[in-house]
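Listed here are the chains, written in short residue letters.
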Amino acid sequence: VGEDVPIVLQDFPLATGVHISSATLGTIFENHANIVMLKHEDWPGLQKISDLRAAEEGGRRRVSILCGNAGVFLPEEMARGADGAMTGFAYPEMMVEVCRLSYEGQAEKARDLFDAYLPLMRYEQQPALGLAVRKYVLAKRGIIAHAAQRKPGADLSPLAAKEVDILMDRLEKRLSALS
């Protein structure tokens with residue numbers, strides 16, 4: 001595509017089956033100046049973020065790091081030097097606020113906010129059901145018109161929908177307590 005085209009390198013060994021060490025990522029960055037961002041989805045991968053940032057302090061050029069994995073480690077990733085999140089969750093505004101608070105040095109407040117959402121985030125991470133949960137929440141919030149998925153996507157059972165409703169209600173109570 002050309003050396004002047006910015007590239008995002010996705011590091012997602014759980015999906016690709018390919019583990020890229022911190023040292024190898026450094027070599028790739030040094031040899032390919034058009035890689036401007038790492039989509040960090042290694043799990044566990046917090047040390048990798050620390051290693052990459054330490055190498056930058058040693059003189060290697062800075063590469064933006066945005067995290068995936070549904071943001072389930074976002075406060076820790078931000079503390080290790082990530083620039084933000086590039087992932088899905090039914091409350092993206094929470095991730096924006098956690099990043100903002102982290103940039104402002106308010107790590108404890110960022111963690112408190114994150115912790116309020118964690119039960120719903122955990123529920124949304126169920127394999128084969130996660131997107132159904134996310135769409136259900138987005139529809140309940142009025143962000144999308146309906147929660148239907150294309151086949152073969154799963155729908156929430158009435159019991160699962162009730163569980164999500166409980167988690168959403170509990171989230172609202174937690175957020176009120178934080179205010």
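What counts and how
- What you see as residue numbers is a count from 1 along each chain, following the sequence as written.
- Thresholds applied to this predicted model are a pLDDT of at least 70 for local features of residues and 80 or more for the giving and counting of side-chain atom pairs; totals over whole chains, interfaces and linings are not thresholded and use all residues.
- Hydrogens and water are ignored here; the side-chain numbers use all heavy atoms of the structure.
- Numbered from the N terminus, helices here are DSSP runs of H or I no shorter than four residues, and strands are runs of E no shorter than two.
- Note on contacts: a residue pair is in contact if any heavy atoms of the two residues lie within 4.5 Å.
- Residue burial considers only the protein chains on display, and all accessible areas are found by Shrake-Rupley using a 1.4 Å probe.
- Here a polar contact means two N or O atoms within 3.5 Å. Within protein one must be a hydrogen donor candidate and the other an acceptor candidate, and residues neighboring in sequence count only if both atoms are side-chain atoms.
- A helix is expected to span 1.5 Å for every residue after the first.
- Whether a residue is buried, partly exposed or exposed follows from its accessible area with a 1.4 Å probe, protein chains only, as a fraction of its type maximum: under 20%, in between, or over 50%, in that order.
- Regarding the arc, it is the one traced by the directions from the helix axis to the C-beta atoms.
- Residues qualify for a patch when their relative accessible area is over 30% and they have no salt bridge, like charges being joined within 9 Å and the nonpolar side chains of Val, Leu, Ile, Met, Phe, Trp and Tyr within 5 Å.
- By definition, a salt bridge exists where a carboxyl oxygen of Asp or Glu is found within 4 Å of a side-chain nitrogen of Lys or Arg.

What should I look at first to understand the overall build of the protein chain in this one?
Helix and strand content of the protein chain: eight helices and four strands. Of the regular secondary structure in the protein chain, the N- to C-terminal order runs β-α-α-β-α-β-α-β-α-α-α-α. Dimensions of the protein chain, computed from the C-alpha atoms along their principal axes, are close to 55 × 40 × 25 Å. The contacts of the protein chain with a sequence gap of at least 6 include a subset with a gap of at least 24, amounting to 60%. Carbon and sulfur atoms make up 57% of the accessible area of the protein chain, which totals about 9900 Å².

Mind showing me how you'd approach the side chain of His40 here?
Note that His40 resides in strand 2 (residues 35-40). Here Gly45 takes part through its backbone oxygen, which lies 3.0 Å from a polar atom of the side chain of His40. Those residues within four positions of His40 in sequence are excluded, and the remaining contacts are Asp11, Gly45, Lys48, Ile49, Ile65, Leu66, Cys67, Gly68 and Glu77.

Would you mind showing me how to read helix 5 (residues 92-103) here?
Quick reminder: α-helices carry 3.6 residues per turn. Residues three or four places apart thus point the same way. Taking 1.5 Å per residue as the helical rise, helix 5 with its twelve residues ought to reach 16 Å, and the 17 Å between its terminal C-alpha atoms agrees with that figure. By the burial criterion, the buried members of helix 5 are Met94, Met95, Val98, Cys99 and Leu101. Projected down its long axis, helix 5 carries its buried residues within an arc of 165°, all on one side. Structural note: helix 5 exposes Val96 and Tyr103 on the side pointing more than 90 degrees away from its buried face. Considering only its buried residues, helix 5 is in contact with helix 4 (74-80), strand 4 (84-85) and helix 6 (107-124).

Whenever I open this one, helix 2 (residues 22-31) confuses me. Can you help?
Those residues of helix 2 not exposed but buried are Ser22, Leu25, Gly26 and Phe29. The buried residues of helix 2 occupy an angular sector of 105° when the element is viewed end-on, so they sit on one face. Set apart from the buried face of helix 2 by more than 90 degrees, the exposed residues are Ala23 and Asn31.

Looking at this structure, I do not really get a nonpolar patch on the surface. What am I missing?
Among the surface-exposed residues, Val1, Val5 and Ile7 lie close enough to one another that they form a single nonpolar patch of about 270 Å² accessible area. A relative accessible area of 90% places Val1 in the exposed class.

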